[in-house]
Amino acid sequence: MDVFVNLTLSGLSTGMMIFLVASGLSLIFGLMGVLNFAHGSLFMWGAYAGVWVFARTHSFTLALLAGMAAGAMVGWVMERLTIRRIYGNVVAQILITTGVMLVLNELLSATFGPNIIATTVPPLLAGSWAFGNIVVVKYRVFTIVVGFLVALAVHFMLSRTRVGIIVRAGVENQEMVQVLGINIRQVFSLVFVFGSALAALGGVMMAPAIGAVNSGMGIENQMLAFIVVVIGGMGSFLGSALGSVIVGLAGAYTAWFFPEASLAVNVVLMALVLLLKPNGLFGMGGE
Amino acid sequence: MALPKSQPAGLSRRKFLSVSGWVPMAALLLLALVPALSPSRATLNLLTQIIILAVFAMSYDILLGYTGIVSFGHALFFGSGAYLVGLIIKHSEPTLGYLLLAVLGTLLFALVISVLIGYLSLRVKDVYYAMITLAFAEFFLIIAQKWRSVTNGDDGFSFRVPTMLQHRVVYYYLILAFVVVTLVFLRRFIHSPTGRVLIAIRENEKRAEFLGYDVLKFKLISTMVAGVVASLAGVAWALQQQFISPGVMAVDKTIDALLMTIIGGTGTLYGAFIGSGLISLAREYLPELAEIHPVFGHWYILFGLLYILIVLFFPGGILGTFRGFPRKRKSQEER
């Protein structure tokens, strides 16, 4: 039982972390149909910016803000210079964002060097509570809370605000939204920048959890985010959230019970979902 | 679709008139003369590498340039070819017989895996293919890294190649023969009725479907051909390096193929040679220029920018632009 609770907590917190990365991806793909292969790079820029600011100011709040600002800024420039030119052309989008990924990653390694940079959990969130045999790591609780808050905030934004209505309408029918006098391009840019900031937020949150940032973390987490989005269904925000939790929990349980299988479990999960329900658990129907 | 042989489709006739006539022949002749002109070990090694990577890039071009699908796991085939041949020879004798066995095993593996991945991912949307191939490639990479008892993990392992192939010049000519055979095969494939259907799918998938073609089947054929050729390139790579580490299967290898194909020119086959030559030369010589300006140490930035510019403004790549008829912009696909 204790083991079960511990594993569930750890899985949930991993899932929430993946969710932060995947939510931006899911939003951008859902609305714009842009599969952003540079998403992991935005995540990494967030992580590096967060670590850099945290090392200098020792304020995690500032690190979070700086990371999100870095992600939003890079996302904005990227959207302006590249993505804006190729809406609707799926292949070109994949190709372009891959190129952007190369440049962004290499810029990071040119600035910070190729080595791992260590970081620590902020003192306020360090340590853990123990209830008998159940150990609750504070930072894990923090990630779960942040994940839930972000999920709630985005859900609220999508379902209750004017921007959210426009975004959802844009997913359904872009031309109709345009006809109603709304500049859908501007909304696209906004969503892209917002999604980039979410990816970067995921990066800032992830860095203390694994204790370091390195140049491989972008592609790793991007892949997890992809797997989550595939499992949850393209364009479904709720699906991405559920997919993240499933992947997080599955990872935690298999790592404990069948350590050999833990590396394969994500790919196997994804293959299963694709076989049984090719559009994902909450997919909006493919073509 | 099925045109008589004497009347090639417009595309191939234009190709025939422009580059594919005498230039490749002259290039081949020149390449064949290299060992006589400059027998330096380094030159031969570099050229062999360029040619092998060009074959890898050509296989990628079948997917990207002729079928219009993007794979991020192509290194899986390249790497598994390399690993299979290395492991089989290491655990048996370095003879031509076992080498043949390894090649056959590689072919079988590539066919099975490409069908499996293609069936899982191509049924839904093309964008899935990019992500799912990436996930599978990473999965195999993890196996290569973690299954230490067999693959020796990140350290990799070396193996002896059959004595006949140890000679650099012999191996060079073998690779030259290999590339000619592959090129002829791929050109035949593209100009076959099947290849024409693939191009139709690239240009307009819905229309091809409404014309009655089983799009999934043709895409699967495309991934099979690409997978097999890529794994053979992997075999050739392993035999040249005589050493294998998980790097052959990393996503960087796929990205190299992508860069080579795009920069050289998608949908051209020959562009792969230009791309491969540029990238291999850059990798070999640009880091030496790092003392002049540090940006050369991070030459990937330059290639990334070049690549982005090419995708945005010269979709035909170097070869396509040079030929003077850049490939028509892909029609705005519906989402």
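Use the structure listed above.
Described below are features of the structure shown in this document. (Residues numbered from 1 in each chain as written. Chains lettered and ligands numbered in written order. Predicted model: local features only at pLDDT ≥ 70, side-chain atom pairs only at ≥ 80, totals over all residues. Heavy atoms only, no water.)

### Comments concerning the overall build of chain B
- When helices and strands are tallied, chain B shows 16 helices and two strands.
- For chain B, buried positions account for 53% of its 335 residues.
- Here the contacts in chain B between residues at least 6 apart in sequence split such that 79% fall between residues at least 24 apart.
- When the accessible area of chain B is evaluated, it comes to approximately 14,700 Å², of which 67% is carbon and sulfur surface. (Helix = DSSP H or I, 4+ residues; strand = E, 2+ residues; numbered from the N terminus. Buried < 20%, exposed > 50% of the residue type's maximum accessible area, 1.4 Å probe, protein only. Contact = heavy atoms within 4.5 Å. Areas by Shrake-Rupley, 256 points an atom, 1.4 Å probe, with all protein chains shown as cover.)

### Some points on the pattern of salt bridges
Residue and element names in this part refer to chain B.
- Using the criterion set out here, one finds five salt bridges over all chains in the structure.
- Taking the shortest distance from any N to any O, the salt bridge between aspartate 155 and arginine 148 comes out at 3.5 Å.
- On the basis of relative accessible area, arginine 148 is assigned to the partly exposed category, the value being 44%.
- With a closest N to O distance of 3.2 Å, arginine 283 and aspartate 256 form a salt bridge. With arginine 283 in helix 14 (residues 271-285) and aspartate 256 in helix 13 (residues 251-264), this residue pair connects regions lying 27 residues apart in the sequence.
- Owing to a relative accessible area of 6%, aspartate 256 belongs among the buried residues under this scheme. (Salt bridge = Lys/Arg side-chain N within 4 Å of Asp/Glu carboxyl O.)

### Points about the packing of aromatic side chains
- Applying the stated rule across the entire model yields 17 aromatic pairs over all chains.
- A ring pair is formed by tyrosine 139 of chain A and phenylalanine 142 of chain A, whose centres lie 5.7 Å apart and whose planes are at 45 degrees; its orientation type is tilted. Remark: phenylalanine 142 of chain A and tyrosine 139 of chain A occur in helix 5 (residues 138-160); sequence separation between them is three residues, near one turn of the helix.
- Tyrosine 139 of chain A gets classed as buried once you look at its relative accessible area, which sits at 4%.
- Ring centres 5.9 Å apart and planes at 50 degrees place the aromatic pair phenylalanine 78 of chain B and tryptophan 237 of chain B in the tilted group. Here tryptophan 237 of chain B lies in helix 12 (residues 215-241) and phenylalanine 78 of chain B lies in helix 4 (residues 75-90), a separation of 159 residues in the sequence. In this pair, the class of phenylalanine 78 of chain B matches that of tryptophan 237 of chain B, namely buried.
- Every member of this aromatic cluster is reached through a ring pair, and the members are Phe54, Phe60, Tyr139 and Phe142 of chain A.
- The aromatic ring of phenylalanine 157 of chain B is capped on one face by lysine 90 of chain B, whose charged end is 4.7 Å from the ring centroid. (Phe/Tyr/Trp six-rings, centres within 6.5 Å; stacked < 30°, edge-to-face > 60°. Lys NZ or Arg CZ within 6 Å of the ring centre and 35° of its normal.)

### Quick look at unusual backbone geometry
- A positive phi angle is found at histidine 58 of chain A, which is not glycine, with a value near 55 degrees.
- With respect to the element layout, histidine 58 of chain A can be found in the loop between helix 2 (39-57) and helix 3 (60-81).
- Given the relative accessible area of 61%, histidine 58 of chain A is considered exposed.
- Look at glutamine 242 of chain B: it is not a glycine, yet its phi comes out positive at around 55 degrees.
- When you line up the elements, glutamine 242 of chain B lands in the loop between helix 12 and strand 2 (243-244).
- Its relative accessible area of 21% is what places glutamine 242 of chain B among the partly exposed residues.

### Looking at the interface of chain B and chain A
- Across the contact, 42 residues belong to chain B and 48 residues belong to chain A.
- The contact between chain B and chain A buries some 4,200 Å² in all, and 76% of this surface belongs to carbon and sulfur atoms.
- Counting across the interface, chain B meets chain A through zero salt bridges.
- Tallying contributions element by element places helix 6 (residues 126-146) of chain B first for the side of chain B that touches chain A, with 12 residues.
- Taken together, the residues of the side of chain B that touches chain A sort by class into 29 nonpolar, four polar and nine charged. (Buried area = accessible area lost by both parts, 1.4 Å probe. Nonpolar A, V, L, I, M, F, W, Y, C, P; charged D, E, K, R; others polar.)

### Some points on the packing of helix 5 (residues 96-121) of chain B against helix 12 of chain B
Residues and elements named next belong to chain B.
- Two numbers describe how helix 5 lies on helix 12: the axes approach to 8 Å, and their chain directions differ by 145 degrees. When you trace helix 5 past helix 12, the crossing you get is right-handed. On the side of helix 5, the interface is formed by Leu99, Val103, Thr106, Leu107, Ala110, Leu111, Ser114, Val115, Gly118 and Tyr119, while helix 12 contributes Leu220, Thr223, Met224, Gly227, Val228, Ser231, Leu232, Val235 and Leu239.
- Counted by class, the contact of helix 5 with helix 12 contains 13 nonpolar, six polar and no charged residues. (Axes fitted to C-alpha atoms, helices over the stretch in contact; angles between N-to-C directions. Left-handed = near helix turned anticlockwise from the far one by under 90°.)

### Notes on the side chain of serine 280 of chain B
Residues and elements named next belong to chain B.
- The residue serine 280 is located in helix 14 in this model.
- Among the polar contacts listed, one links the side chain of serine 280 to the backbone oxygen of serine 276, at a separation of 2.8 Å.
- For serine 280, the contacting residues outside a window of four places in its chain are Leu46, Ile50 and Leu53. (Polar contact = N/O pair within 3.5 Å; in protein donor to acceptor, adjacent residues only side chain to side chain.)

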